[in-house]
Amino acid sequence: MSRIAYVNGQYVRHSEAAVHVEDRGFQFADGVYEVCEVRHGMIVDLTRHLSRLDRSLSELRMAAPMSRAALTFVIREVLRRNRVKNGIFYMQVTRGAARRDHYFPAEGTPPTITITAKSTDPSAAAKKYANGIKVITLPENRWDRVDIKTVGLLPNVLAKQQAKEAGAQDAIFIDRDGIVMEGASSNVWIVTPDGELVTRPAEHGILKGITRTTLIDVAKKLGLKVVEREFKTEEMLAAREVFFTSATGICVPIVEIDGKPVANGHPGTVSSSIRDTFFDVAEKTAI
Ligand code: PMP
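Values in this document were obtained by computation on a predicted structure and should not be read as measured data.

J.: How do you make sense of the pattern of salt bridges when you look at a structure like this?
T.: Pairs may arise between side chains of opposite charge once their charged atoms sit close together. This structure, assessed with the given rule, holds 19 salt bridges. We note a salt bridge from Asp 147 to Arg 55, for which the minimum N-O separation is 2.9 Å. Of this pair, Asp 147 sits in the loop between β7 (133–139) and α5 (154–165) while Arg 55 sits in helix α2 (residues 46–59), and the two are 92 residues apart along the sequence. Judged by relative accessible area, which is 7%, Asp 147 ranks as buried.

Structure, rendered in structure tokens:
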């Protein structure tokens, strides 16, 4: 079965899916995106992802490509046509195609919208949960609007590659005061020696992860105390557990940071109980 992508109103073969050479996403990274998980035939937290897309678009003064109802229809259609039961969809909206010029294109230039979907292998996630992952820390070098989910991800790409070359799987950005910001594609959480769940505030400086928001609901259900405050690298290194949250990984334990083990170097119990409860709490939309 061939994969199908949605490009500007049409369902096309994935191998032939393309945008214009002067698309502003390609020329300027002038676009935003969302990645959403699909599990057991259900889209996870769709409303929150669509609301964040609206926010990203409005912060960049970009037009919405279509109504929310129409977008939901197309997303479900792409998932159906690709027969995704467990996997993700990726959706990108750019300021459209126009003769290359930094100024915004003429009023009325239609935005570009693409949606792709793929199935993922649940055993790869299970391996990550069982073993945990290794990360490195790196100085924050991104712009100060990382709260907008733009496709301009070059620092994140370079950070992940650096992590890979250092024998780790991921990277965490640390600001110049030693404060932990976020991962290259995830939010960071710690469990303190007192058992409190701590994550940094998400009003600015990081992307406000949808998984992060839902995890706060999960923690309430589990009777865990969540504290939103900044923390430094040293506190993270002394934590009982450290983990990442993201739509694609949900809650991934970190067992080593810059070559030093977190606690006993094995995944902890808080992250696994959160994972067990996550899908009961998250919003689920049938395909
Ligand atoms: N921070 C960054 C930089 C990310 O790329 C992501 C993943 N999109 C996240 C945090 C986590 O966000 P979410 O839980 O919405 O996937």
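J.: How should I be thinking about the packing of aromatic side chains in this particular structure?
T.: Given two aromatic rings, their pairing is described by the distance between the two centres and the angle made by the two planes. All told, the structure shown has four aromatic pairs when counted by the stated rule. On the numbers, 5.6 Å between centres and 25° between planes, the contact of Tyr 33 with Tyr 90 is stacked. Placement of Tyr 33 in strand β3 (residues 31–39) and of Tyr 90 in strand β5 (residues 87–94) is noted, with a sequence separation of 57 residues between them. Using a relative accessible area of 11% as the deciding quantity, one classes Tyr 33 as buried. Arranged with centres 5.9 Å apart and planes meeting at 10°, the rings of Trp 189 and Phe 243 form a pair that is stacked. Of the two residues, Trp 189 is situated in strand β10 (residues 187–191) and Phe 243 in strand β13 (residues 241–246); the sequence distance between them amounts to 54 residues.

Calculation criteria
Residues numbered from 1 in each chain as written. Predicted model: local features only at pLDDT ≥ 70, side-chain atom pairs only at ≥ 80, totals over all residues. Heavy atoms only, no water. Salt bridge = Lys/Arg side-chain N within 4 Å of Asp/Glu carboxyl O. Helix = DSSP H or I, 4+ residues; strand = E, 2+ residues; numbered from the N terminus. Buried < 20%, exposed > 50% of the residue type's maximum accessible area, 1.4 Å probe, protein only. Phe/Tyr/Trp six-rings, centres within 6.5 Å; stacked < 30°, edge-to-face > 60°.

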